[in-house]
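Chain and residue survey
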Amino acid sequence: MGLRGQRVVVLGGTSGIGLAVAEGAAAEGAEVVVASRRQENVDAALKQLPQDARGEVLDTTDEAAVRAFFERLGAFDHLVYTAGETLMLESVAETGLARAQRFLDTRLWGAYAAVRYGAGSVREGGSVVLTTGTAGHRPLPGSSVVSALCGAMEALTRALAVELAPVRVNVVAPGLVRTELWRELPEAEREGLYAASATSLPVGRVGEPADVAEAYLYLMRGGYSTGSVVVVDGGGTLA
Ligand SMILES: NC(=O)c1ccc[n+]([C@@H]2O[C@H](COP(=O)([O-])OP(=O)(O)OC[C@H]3O[C@@H](n4cnc5c(N)ncnc54)[C@H](OP(=O)(O)O)[C@@H]3O)[C@@H](O)[C@H]2O)c1
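This section reports on the structure supplied with the text.

Rules behind the numbers
Here the residue numbering is sequential within each chain, running from 1 through the sequence in written order. Given that this is a predicted model, residues contribute local features only at a pLDDT of at least 70 and side-chain atom pairs are listed and counted only at 80 or more, while totals for whole chains, interfaces and linings are drawn from all residues. Hydrogens and water are ignored here; the side-chain numbers use all heavy atoms of the structure. Strands here are runs of E lasting at least two residues and helices are runs of H or I lasting at least four, both read from the DSSP assignment and numbered beginning at the N terminus. Radius of gyration means the value over C-alpha atoms here, while the globule rule gives 2.2 Å times the residue count to the 0.38 power. Type-normalised accessible area, obtained with a 1.4 Å probe on protein chains alone, sets the label of each residue: buried when under 20%, exposed when over 50%, and partly exposed for intermediate values. We count a salt bridge whenever a side-chain nitrogen from Lys or Arg sits within 4 Å of a carboxyl oxygen from Asp or Glu. The cutoff for a nearby residue is simple: one of its non-hydrogen atoms must lie within 4 Å of the molecule or strand. All accessible-area figures derive from a Shrake-Rupley calculation using a 1.4 Å probe, and residue coverage is judged against the displayed protein chains alone. All residues other than Ala, Val, Leu, Ile, Met, Phe, Trp, Tyr, Cys, Pro, Asp, Glu, Lys and Arg, Gly among them, are scored as polar; the first ten of these are nonpolar and the last four charged. Between the N-to-C directions of two axes lies an angle of 0 to 180 degrees, each axis being a line fitted to C-alpha atoms and, for a helix, fitted only over the stretch in contact. Here a crossing is taken to be left-handed if its near helix is turned anticlockwise relative to the far helix by less than a right angle, and right-handed if that turn runs clockwise. Any two residues whose heavy atoms approach within 4.5 Å at even a single point are treated as in contact. Whether two aromatic rings pair depends on their centres lying within 6.5 Å, for rings of Phe, Tyr and Trp, where Trp uses its six-membered ring; planes under 30 degrees apart make the pair stacked, over 60 edge-to-face, and the rest tilted. Pairs of N or O atoms are called polar contacts if they sit within 3.5 Å, as long as, within protein, a hydrogen donor faces a hydrogen acceptor (for residues adjacent in sequence, only side-chain-to-side-chain pairs). Roughly parallel here means an angle under 35 degrees, roughly antiparallel means over 145, roughly perpendicular means 65 to 115, and every remaining angle is called oblique.

The next subject is the overall build of the protein chain. Counting its regular elements, the protein chain contains seven helices and seven strands. Tracing the protein chain from N to C terminus, the helices and strands come up as β-α-β-α-β-α-β-α-β-α-β-α-α-β. A compact globule built from 239 residues would reach a C-alpha radius of gyration of about 18 Å, and the protein chain, at 17 Å, matches this within 12%. By principal-axis analysis of the C-alpha atoms, the protein chain measures approximately 45 × 35 × 35 Å. The buried share among the 239 residues of the protein chain stands at 51%.

Here is the structure:
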C-alpha cells in the first residue's frame, strides 16, 4: 500500500534529497507538495513530478510566510523537512557569533517553524521527518557549528516525538550525498571530495539522493518509529 492516497509536504523538496523523497512518495501514489525559495527550482521540480504535484515558493526562515503556507495548505499526512544550505566548515576562531547563529536559521529554526505551524494539520497516523547530519557524532575540525546543529536536531526530534504524540517525529542523518548542496565548491574540489570520500567509505561510493530518500519513505510508512535517528551514510561514521 505504501503512501498511496496520502498527502506529503516536502519543504526543501525542489532539489537533491527532498526532490528524491517527493519523487519516491509520488511513485507510491502520494499527492506531493514541494516548496522552496526560488521559483525556478519549484518549476524545474514540478516538471519531474506527476501532474497532480503542487509547488510553492516559500522561505522557511520567514515565520509569517511559513504560517500562511500551512494555513493555505489544509490537512496532510506527512511533513518532510529537507531545506538546507551549503555546509559551513570553518574554525571557531574564524566564525563570529552572528554568522554562527545565522547558520541555524534554515535548518534548525526553519524546521521548528514548520513544525510549529504545520504539525496541527497532520492527519491521524501521520508523521514529521526532519533532517540532520552525522557531524554531531563524528565531528571534523571546523564543524563546530554544524555539529551543534546536528545535535540540536536530534534532541529536537526526541522532544517533539514526546510532545506531539501520537504524531510521529523522526529524523534522517545523511552522510555525504551528491547534490546541489555542494555547488559552491569549484568543480575540481567537489569531484576531489567525492573521490576521496568514496575511497574511505566502507560502501566504496558517495550517496545519491535516492539512497537517502528511502529512509524518509520508510519513516513515513513505519507506524512504529518515533523519536528515531536513521543514519544513511555509507558507513561514514565508522570510517
Ligand atoms: N548533500 C549532503 O551531503 C548532505 C549531508 C548531510 C546533510 N544534508 C542535509 O540534507 C538536506 C537536503 O540537502 P540536499 O543535499 O538535498 O541539498 P540541495 O540539493 O541543495 O537541496 C536543498 C533544498 O533546500 C531548499 N532551501 C534552501 N534554503 C531554503 C529555505 N530557507 N527555505 C526553503 N527552502 C530552502 C533549496 O531550494 P531553494 O534554493 O529554491 O530554496 C533546495 O530545494 C539539507 O538540510 C542538508 O544540509 C545533506
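Structure's up, so let's keep going.
Moving on to the pattern of salt bridges. Counted by the stated rule, this structure contains 11 salt bridges. The salt bridge partner of E31 is R7, with a shortest N-O separation of 3.2 Å. With E31 in strand β2 (residues 31-36) and R7 in strand β1 (residues 7-11), this pair connects stretches of sequence that are 24 residues apart. A relative accessible area of 30% means that E31 is categorised as partly exposed. Residue classification places R7 among the buried positions, given a relative accessible area of 9%. Close ionic contact of E71 with R67 constitutes a salt bridge, the shortest N to O distance being 3.4 Å. Remark: R67 and E71 occur in helix α3 (residues 63-73); sequence separation between them is four residues, near one turn of the helix.

Around the ligand, a shell composed of 29 residues is seen, among which S15, I17, S36, R37 and T179 lie nearest. In isolation the ligand exposes 890 Å². Once the protein is present, 97% of that is buried. Where the shell around the ligand is concerned, the elements lending two or more residues are α1 (16-27) and α4 (97-118). Counted by class, the shell around the ligand contains eight nonpolar, 15 polar and six charged residues.

As a packed pair, α3 and α4 sit with axes 9 Å apart at the nearest point and diverge in direction by 35°. In this structure, α3 crosses over α4, and the sense of that crossing is right-handed. In this structure, α3 uses E63, V66, R67 and F70 to contact α4, whose residues at the interface are A113, A114, R116, Y117 and G118. Residues of the contact of α3 with α4, tallied by class, amount to five nonpolar, one polar and three charged.

Before going further, it helps to spend a moment on the packing of aromatic side chains. Here the distance between the centres and the angle between the planes together describe a pair of aromatic rings. This structure, assessed with the given rule, holds three aromatic pairs. Consider the rings of F69 and F70, whose centres lie 5.0 Å apart with planes at 85°: the pair is edge-to-face. No difference in accessibility class separates F69 from F70, as the two residues are buried. Measuring from ring centre to ring centre gives 5.9 Å for F70 and F76, while their planes differ by 35°; the resulting arrangement is tilted.

Along the chain, A165 connects to P166 via a cis peptide bond; the corresponding omega equals 10°. Take P166: it is sitting in the loop between α5 (144-163) and β6 (168-174).

One can find E90 in the loop between β4 (76-81) and α4. At 2.7 Å, the side chain of E90 and the side chain of R99 are in polar contact. Excluding anything up to four places from it in sequence, E90 contacts T95, R99 and G142.

Turning next to the packing of α4 against α5. Packed helices, taken two at a time, are described by their axes: the angle between them and the distance between them. Put simply, α4 and α5 touch, their axes get as near as 10 Å, and they point 15° apart. In this view, α4 runs roughly parallel relative to α5, as classed from their interaxial angle. Helix-helix and strand crossings are classified by hand; for α4 and α5 the assignment is right-handed. On α5, the residues that touch A100, F103, L104, R107, L108, A111, Y112 and V115 of α4 are V145, V146, L149, A152, M153, L156 and L160. Within the contact of α4 with α5, the residues separate by chemical class into 14 nonpolar, no polar and one charged.

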